[in-house]
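The chain contents come next:
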Amino acid sequence: MPSVAFTQNLQRHVACPPCKVAGATVRESLDGALALYPKLRGYVLDEHGALRFHMAIYVDGVPVTDRKGLSDPVTGTTEIFVMQALSGG
Amino acid sequence: MSDQLLVSTRKGLFSARRQGMGAWSLNGVFFLGDNVSLAMQDARDGAWYAALDHGHFGAKLQRSRNRGATWEEIGVPAYPTPPEGHVEKDFLGREIPWRLIRFWCLTPGLASQSGLLWAGTLPGGLFWSEDYGDTWHLVEALWHHPDRRKWAGGGADAPGIHSICVDPRDGNRVAVAVSSGGVWTTQDFGATWTAHTEGMRADYAPPELVFAPESQDPHRMVRCPGAPDTFWVQHHNGIFRSTDNAMSWTEITDVKPSVFGFPVVVHPKDPDTAWFVPAIKDERRIPVDGRVVVNRTRDGGRTFETLHRGLPQVWAYDLVYRHALDLDATGQRLAFGSTTGSVWISENGGDDWLTLAEHLPPVHAVIFV
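Report follows, based on the coordinates. It should be emphasised that the depicted structure is a prediction, and the values quoted were computed from it without experimental measurement.

1. With respect to the overall build of chain B
Then, in step 1: On a plain count of helices and strands, chain B comes out with 1 helix and 28 strands.
Then, in step 2: Taking 369 residues into account, the globule formula puts the C-alpha radius of gyration at 21 Å, and chain B, at 19 Å, falls close to it.
Then, in step 3: Across its three principal axes, chain B shows a C-alpha extent of roughly 60 × 50 × 40 Å.
Then, in step 4: Split into buried and exposed, the 369 residues of chain B put 51% on the buried side.

2. Focus: the sheet that holds strand S14 (residues 182-186) of chain B
All names here are of chain B.
Then, in step 1: Here 4 strands make up an open sheet; going across it, the order is S12-S13-S14-S15 and the pairing antiparallel. Looking at which strands have only one partner, the edges of the open sheet turn out to be strand S12 (160-167) and strand S15 (194-195).
Then, in step 2: For S12 and strand S13 (residues 170-179), the ladder comprises 7 bridges, and the chain directions are antiparallel. Residue pairing for S13: Ile164 is matched across the bridge by Val176.

3. Observations regarding the interface of chain B and chain A
Then, in step 1: Taken residue by residue, the interface counts 11 residues in chain B and 11 residues in chain A.
Then, in step 2: Class assignment of the residues belonging to the side of chain B that touches chain A gives a composition of 5 nonpolar, 4 polar and 2 charged.

4. As for the sheet that holds strand S19 (residues 250-252) of chain B
All names here are of chain B.
Then, in step 1: The strand order across the open sheet formed by 4 strands is S16-S17-S18-S19, and the pairing between neighbours is antiparallel. Looking at strand neighbours, the two that pair on one side only are strand S16 (218-223) and S19, the edges of this open sheet. Each strand of the sheet is rotated relative to its neighbour by a mean of 25 degrees, with strand direction disregarded.
Then, in step 2: Pairing of strand S18 (residues 238-242) with S19, which is carried by 3 bridges, proceeds in the antiparallel orientation. Bridged to Phe240 within S19 is Glu251.

5. Describing the nonpolar core
Then, in step 1: Ala39, Ala50 and Val366 of chain B are the most contacted members of the largest nonpolar core, which totals 106 residues.
Then, in step 2: Those residues within four positions of Val366 of chain B in sequence are excluded, and the remaining contacts are Leu5, Leu6, Val7, Ala324, Asp326, Ala335, Phe336, Gly337 and Val343 of chain B.
Then, in step 3: Of all hydrophobic cores here, the second largest spans 21 residues; its members include Val26, Leu34, Ile57 and Val74 of chain A.

6. Brief notes about the pairing of S13 of chain B
All names here are of chain B.
Then, in step 1: Between the end of S12 and the start of S13, which pair antiparallel, lie 2 residues.
Then, in step 2: With 5 bridges connecting them, S13 and S14 associate as antiparallel partners. Looking at the pairing, Ala175 lines up with Thr185 of S14.
Then, in step 3: Between S13 and S14, which pair antiparallel in sequence order, lie 2 residues.

The rules behind each value
Residues numbered from 1 in each chain as written. Chains lettered and ligands numbered in written order. Predicted model: local features only at pLDDT ≥ 70, side-chain atom pairs only at ≥ 80, totals over all residues. Helix = DSSP H or I, 4+ residues; strand = E, 2+ residues; numbered from the N terminus. Rg over C-alpha atoms; globule rule 2.2 N^0.38 Å. Buried ≥ 20, exposed ≤ 12 C-beta atoms within 10 Å, placed from the backbone. Pairing = 2+ DSSP bridges. Contact = placed C-beta atoms within 7 Å. Nonpolar A, V, L, I, M, F, W, Y, C, P; charged D, E, K, R; others polar. Axes fitted to C-alpha atoms, helices over the stretch in contact; angles between N-to-C directions. Core = buried A, V, L, I, M, F, W, Y, C linked by C-beta atoms within 7 Å.

Remember, this is a structural readout, not a statement about activity or role.
The structure is reproduced here in structure tokens:
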């Protein structure tokens, strides 16, 4: 199963240790992780389910291309990392 | 009398308490390091609310039912999903997102409206909650009003509702003020809305739009609780007053040292008494001559006193935002905070001021609790 990890900066607001969740896309995997940490949803996604403007998701070190639909494919060994975009200094 | 003040800043919600006659000191901080847009106390149940703007992680709302001993994160408003392919732009052609950017005011309903809260937000959505903020509903009629699309950014890149005045005689009657988009009222709990800016003037607009409702940029609007037909507005263009329940406005001119500013508060019982913090307008936005002063009128705006005892009178460049001046329920205690982290308190209606703080983070808002 893909693994999902979150930046330490999110842990300050919502406890969200790394997890392994099923899914064939970033959306499916992220939804699995957010089901474990429901408070986290609004910190990562906006009210329409799109990635927040100042957030980033990396799939095996590569930023997702579909920030709205999160349709980027993942495999059983994929590592998904959710962090804040480095906006500003 | 209120003996406690909450100061919302760029880096936390600070608390100050009165220690005795004319003696106040900071005594705590909540959400240290987080950007706190504003705080509100619901007088009906004493609950505190704090709106946080986490930037990367979005706007959040926290509630405390024990005066800050513990806080719980509660719900936030959700903007509706725009129609497929819809890209909304303001009248200058700039895109307006349909998503919550920031809370800009929180206002409780009347005592008879248990659990009712109103929230004004950027980019212009008005929301209400019937469960103390756990869940929120969009005021659809205002968001979908065709003239709402004429609103534009005033205090921020996107338009926003920063003032909500509920009629204490009838909670279905609400007036809101928009930067930049005028004053809007409903008589039927938000089912229908009408702009009321007759008498307002926006010299900064193109000549054809000087009197247009959408050109009006009220920076802050308040209503006298004891005489609810009287409103005061600190407008980008100056000071305006209404004595007919926000149906029309009278401009007040020739106010020294400046008619420009952001905040205004009105006495809880005397509709003729109001306070302002003047500044040089537009590109500068600093106190006139480097002197921090407060203007007070006690005669409905015919005359103003410029109050300065205890305030810095040289080399001071403190700007005071629209929610950063507050008055307690007695009408005697005032407080204001500045973008350079100073906070001052008066216990005698503004005649004398004491310095509470000089090195806080930039102050967004203050409230007595």
